[in-house]
Amino acid sequence: MQVVLLRHGATEWNLQGRCQGVSDIELNDVGLKQAEAVAARLSRENIDAVYSSDLKRALQTADVVSRPHKLPVQIERDVRELDHGELEGLTFIEIRENYTEFLSRWRAEPAELQIPGGEKLVDVSHRAWNGLTRIVERHDSDSTVVVVSHNFPILGIICRITNTHLNNYRSFHLDPCGMTRINYGDLGKWAVIQINDKDFNSHESLPGA
(Lines give C-alpha, C1' and ligand atoms only; values in the text may rest on other atoms or scores of the structure.)
Protein backbone atom coordinates (compact mmCIF):
# COMPACT_ATOMS: atom_id res chain seq x y z
CA MET A 1 0.00 0.00 0.00
CA GLN A 2 1.24 3.47 -0.84
CA VAL A 3 0.45 6.57 1.20
CA VAL A 4 1.14 10.03 -0.17
CA LEU A 5 1.66 12.37 2.77
CA LEU A 6 1.04 15.86 1.46
CA ARG A 7 1.76 19.00 3.40
CA HIS A 8 -0.90 21.67 2.81
CA GLY A 9 -0.33 24.60 0.48
CA ALA A 10 1.00 27.95 1.62
CA THR A 11 -0.86 30.56 3.66
CA GLU A 12 -0.22 34.20 4.47
CA TRP A 13 1.22 33.11 7.80
CA ASN A 14 3.73 30.92 5.97
CA LEU A 15 4.70 33.98 3.95
CA GLN A 16 5.06 36.03 7.14
CA GLY A 17 6.98 33.29 8.97
CA ARG A 18 4.38 32.94 11.71
CA CYS A 19 3.62 29.85 13.79
CA GLN A 20 0.30 28.50 12.54
CA GLY A 21 -0.26 25.45 14.67
CA VAL A 22 -3.99 24.89 15.07
CA SER A 23 -4.93 28.44 14.04
CA ASP A 24 -7.40 27.90 11.21
CA ILE A 25 -5.74 29.89 8.42
CA GLU A 26 -6.86 29.54 4.80
CA LEU A 27 -4.62 29.06 1.77
CA ASN A 28 -3.44 32.18 0.00
CA ASP A 29 -3.22 32.51 -3.80
CA VAL A 30 0.20 30.85 -3.85
CA GLY A 31 -1.12 27.96 -1.76
CA LEU A 32 -4.08 27.45 -4.09
CA LYS A 33 -1.76 27.37 -7.11
CA GLN A 34 0.47 24.85 -5.33
CA ALA A 35 -2.56 22.68 -4.59
CA GLU A 36 -3.69 22.87 -8.21
CA ALA A 37 -0.20 21.91 -9.40
CA VAL A 38 0.06 18.88 -7.17
CA ALA A 39 -3.53 17.91 -8.05
CA ALA A 40 -2.62 17.95 -11.74
CA ARG A 41 0.35 15.75 -11.03
CA LEU A 42 -1.62 13.27 -8.92
CA SER A 43 -4.43 13.21 -11.48
CA ARG A 44 -2.22 10.89 -13.54
CA GLU A 45 -2.19 8.31 -10.71
CA ASN A 46 -4.83 5.93 -9.43
CA ILE A 47 -5.88 7.36 -6.08
CA ASP A 48 -8.32 5.34 -3.98
CA ALA A 49 -9.00 7.80 -1.16
CA VAL A 50 -8.15 11.30 0.05
CA TYR A 51 -7.89 12.15 3.74
CA SER A 52 -7.26 15.46 5.47
CA SER A 53 -6.84 17.04 8.84
CA ASP A 54 -9.77 19.18 9.93
CA LEU A 55 -7.93 22.50 9.52
CA LYS A 56 -8.94 24.74 6.60
CA ARG A 57 -5.58 24.92 4.88
CA ALA A 58 -5.39 21.14 4.72
CA LEU A 59 -9.04 20.71 3.75
CA GLN A 60 -8.71 23.22 0.92
CA THR A 61 -5.64 21.44 -0.39
CA ALA A 62 -7.34 18.05 -0.12
CA ASP A 63 -10.46 19.32 -1.89
CA VAL A 64 -8.42 20.47 -4.90
CA VAL A 65 -6.46 17.19 -4.99
CA SER A 66 -9.61 15.05 -4.75
CA ARG A 67 -11.54 16.68 -7.62
CA PRO A 68 -9.89 14.90 -10.59
CA HIS A 69 -10.64 11.55 -8.90
CA LYS A 70 -14.19 12.50 -7.89
CA LEU A 71 -13.49 11.35 -4.34
CA PRO A 72 -14.89 12.75 -1.09
CA VAL A 73 -12.42 14.19 1.38
CA GLN A 74 -12.45 12.14 4.57
CA ILE A 75 -11.47 13.80 7.85
CA GLU A 76 -8.79 12.34 10.11
CA ARG A 77 -8.42 14.78 12.96
CA ASP A 78 -5.33 13.10 14.43
CA VAL A 79 -3.16 14.36 11.56
CA ARG A 80 -3.80 18.01 12.44
CA GLU A 81 -0.85 20.26 13.25
CA LEU A 82 1.01 20.61 16.54
CA ASP A 83 -0.82 23.00 18.88
CA HIS A 84 1.63 25.88 19.29
CA GLY A 85 -0.26 27.30 22.28
CA GLU A 86 1.02 30.75 23.26
CA LEU A 87 3.29 30.79 20.20
CA GLU A 88 0.39 30.75 17.72
CA GLY A 89 0.63 33.70 15.35
CA LEU A 90 4.06 34.80 16.55
CA THR A 91 7.02 35.34 14.24
CA PHE A 92 10.41 33.78 14.97
CA ILE A 93 11.70 37.19 16.07
CA GLU A 94 8.84 37.55 18.54
CA ILE A 95 9.45 34.06 19.90
CA ARG A 96 13.16 34.76 20.26
CA GLU A 97 12.44 37.97 22.16
CA ASN A 98 9.71 36.68 24.46
CA TYR A 99 10.43 32.95 24.85
CA THR A 100 14.22 32.86 24.94
CA GLU A 101 14.59 29.99 27.39
CA PHE A 102 11.93 27.89 25.67
CA LEU A 103 13.52 28.45 22.26
CA SER A 104 16.91 27.39 23.59
CA ARG A 105 15.45 24.16 24.96
CA TRP A 106 13.43 23.54 21.76
CA ARG A 107 16.59 23.80 19.68
CA ALA A 108 18.34 21.23 21.87
CA GLU A 109 15.69 18.65 22.77
CA PRO A 110 12.24 19.43 21.35
CA ALA A 111 10.66 15.96 21.51
CA GLU A 112 9.44 15.97 25.12
CA LEU A 113 9.19 19.73 25.58
CA GLN A 114 5.75 21.12 26.38
CA ILE A 115 4.97 24.19 24.30
CA PRO A 116 3.49 26.85 26.62
CA GLY A 117 -0.26 26.32 26.41
CA GLY A 118 0.22 23.76 23.62
CA GLU A 119 1.32 20.21 22.90
CA LYS A 120 4.45 18.11 23.06
CA LEU A 121 6.01 17.05 19.77
CA VAL A 122 6.09 13.43 20.95
CA ASP A 123 2.32 13.49 21.55
CA VAL A 124 1.69 14.84 18.06
CA SER A 125 3.86 12.09 16.63
CA HIS A 126 1.88 9.43 18.51
CA ARG A 127 -1.54 10.73 17.46
CA ALA A 128 -0.45 11.18 13.84
CA TRP A 129 0.74 7.57 13.80
CA ASN A 130 -2.57 6.44 15.27
CA GLY A 131 -4.42 8.35 12.56
CA LEU A 132 -2.25 6.83 9.84
CA THR A 133 -2.82 3.35 11.26
CA ARG A 134 -6.59 3.82 11.17
CA ILE A 135 -6.41 4.98 7.55
CA VAL A 136 -4.32 2.00 6.48
CA GLU A 137 -6.69 -0.45 8.15
CA ARG A 138 -9.54 0.78 5.92
CA HIS A 139 -7.88 -0.06 2.61
CA ASP A 140 -6.54 -3.00 0.60
CA SER A 141 -2.83 -3.66 0.27
CA ASP A 142 -2.74 -2.45 -3.34
CA SER A 143 -4.40 0.89 -2.58
CA THR A 144 -2.92 4.36 -2.91
CA VAL A 145 -4.24 7.04 -0.58
CA VAL A 146 -3.43 10.71 -0.12
CA VAL A 147 -3.27 12.16 3.38
CA VAL A 148 -3.11 15.96 3.54
CA SER A 149 -1.53 16.99 6.80
CA HIS A 150 0.99 19.42 8.27
CA ASN A 151 4.66 19.86 8.98
CA PHE A 152 5.08 18.24 12.40
CA PRO A 153 2.68 15.28 12.02
CA ILE A 154 4.38 14.28 8.76
CA LEU A 155 7.85 14.78 10.24
CA GLY A 156 6.83 12.62 13.20
CA ILE A 157 5.74 9.83 10.87
CA ILE A 158 8.97 10.06 8.85
CA CYS A 159 11.06 9.97 12.03
CA ARG A 160 9.23 6.88 13.27
CA ILE A 161 9.63 4.94 10.03
CA THR A 162 13.31 5.88 9.63
CA ASN A 163 14.13 5.32 13.33
CA THR A 164 15.19 8.94 13.64
CA HIS A 165 14.81 10.44 17.12
CA LEU A 166 12.28 13.26 17.22
CA ASN A 167 14.98 15.54 18.60
CA ASN A 168 16.54 15.25 15.15
CA TYR A 169 13.41 16.05 13.13
CA ARG A 170 15.34 18.83 11.40
CA SER A 171 17.14 16.11 9.42
CA PHE A 172 14.10 16.33 7.16
CA HIS A 173 12.38 19.30 5.55
CA LEU A 174 8.90 19.77 4.10
CA ASP A 175 7.82 22.61 1.84
CA PRO A 176 4.19 23.65 1.33
CA CYS A 177 2.63 20.98 -0.90
CA GLY A 178 5.78 18.86 -0.70
CA MET A 179 4.90 15.18 -1.17
CA THR A 180 6.29 12.35 0.92
CA ARG A 181 5.61 8.80 -0.24
CA ILE A 182 5.63 5.86 2.14
CA ASN A 183 4.84 2.19 1.58
CA TYR A 184 3.22 -0.33 3.88
CA GLY A 185 4.28 -3.88 3.01
CA ASP A 186 2.58 -7.24 3.42
CA LEU A 187 4.75 -8.05 6.43
CA GLY A 188 3.60 -4.94 8.23
CA LYS A 189 6.79 -3.03 7.50
CA TRP A 190 6.90 0.63 6.54
CA ALA A 191 9.37 2.23 4.14
CA VAL A 192 9.94 5.85 3.16
CA ILE A 193 10.17 6.08 -0.62
CA GLN A 194 10.46 9.82 -1.16
CA ILE A 195 10.51 12.94 1.00
CA ASN A 196 9.39 16.45 0.04
CA ASP A 197 8.96 15.87 -3.68
CA LYS A 198 8.27 19.41 -4.85
CA ASP A 199 9.65 19.78 -8.37
CA PHE A 200 6.31 21.23 -9.49
CA ASN A 201 6.51 24.14 -7.03
CA SER A 202 10.15 24.62 -6.15
CA HIS A 203 9.89 28.30 -7.17
CA GLU A 204 7.03 28.77 -4.70
CA SER A 205 8.81 27.56 -1.54
CA LEU A 206 7.89 29.51 1.57
CA PRO A 207 9.04 29.47 5.21
CA GLY A 208 6.92 28.65 8.26
CA ALA A 209 5.47 25.63 10.02
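This text goes with the structure placed above it.
These remarks concern the structure in this document. These numbers come from a predicted model, not from an experiment.

## Examining the nonpolar core
Next, step 1: Ranked by internal contacts, the top residues of the largest apolar core, which has 41 residues, are Val 3 and Trp 106.
Next, step 2: Contributions of two or more residues to this core are made by strand E1 (2-7), strand E2 (49-52), helix H5 (100-108), helix H6 (121-137), strand E4 (144-149) and helix H7 (151-162).
Next, step 3: Considering each element in turn, this core owes the most residues, 8 residues, to H6.

## With respect to the pattern of salt bridges
Next, step 1: The full count for this structure, using the stated rule, is 10 salt bridges.
Next, step 2: Here Asp 54 makes a salt bridge to Arg 77, at a shortest N to O gap of 3.3 Å. In this pair, Asp 54 sits in the loop between E2 and helix H3 (56-66) while Arg 77 sits in the loop between strand E3 (73-75) and helix H4 (92-98), placing the two residues 23 residues apart along the sequence.
Next, step 3: As a salt-bridge pair, Arg 138 and Glu 76 come within 3.9 Å of each other at their nearest N and O atoms. With a gap of 62 residues between them, Arg 138 in the loop between H6 and E4 and Glu 76 in the loop between E3 and H4 connect regions that are remote in the sequence.
Next, step 4: One salt-bridge network, in which partners are shared between bridges, spans Glu 76, Asp 78, Arg 134 and Arg 138.

## With respect to H5
In an α-helix, one full turn covers 3.6 residues, which means residues spaced three or four apart are oriented alike.
Next, step 1: Regarding H5, the residues found buried are Phe 102, Leu 103 and Trp 106. Angularly, the buried residues of H5 cover 95° about the axis, an arc narrow enough to put them on a single face. Exposed side chains of H5 directed beyond 90 degrees from the buried face belong to Thr 100, Glu 101 and Ala 108.
Next, step 2: Where the residues of H5 are buried, they touch H4, H6 and H7.

Parameters and conventions
- Residues numbered from 1 in each chain as written.
- Predicted model: local features only at pLDDT ≥ 70, side-chain atom pairs only at ≥ 80, totals over all residues.
- Heavy atoms only, no water.
- Core = buried A, V, L, I, M, F, W, Y, C linked by side-chain atoms within 4.5 Å.
- Buried < 20%, exposed > 50% of the residue type's maximum accessible area, 1.4 Å probe, protein only.
- Helix = DSSP H or I, 4+ residues; strand = E, 2+ residues; numbered from the N terminus.
- Salt bridge = Lys/Arg side-chain N within 4 Å of Asp/Glu carboxyl O.
- Arc of directions from axis to C-beta.
- Contact = heavy atoms within 4.5 Å.

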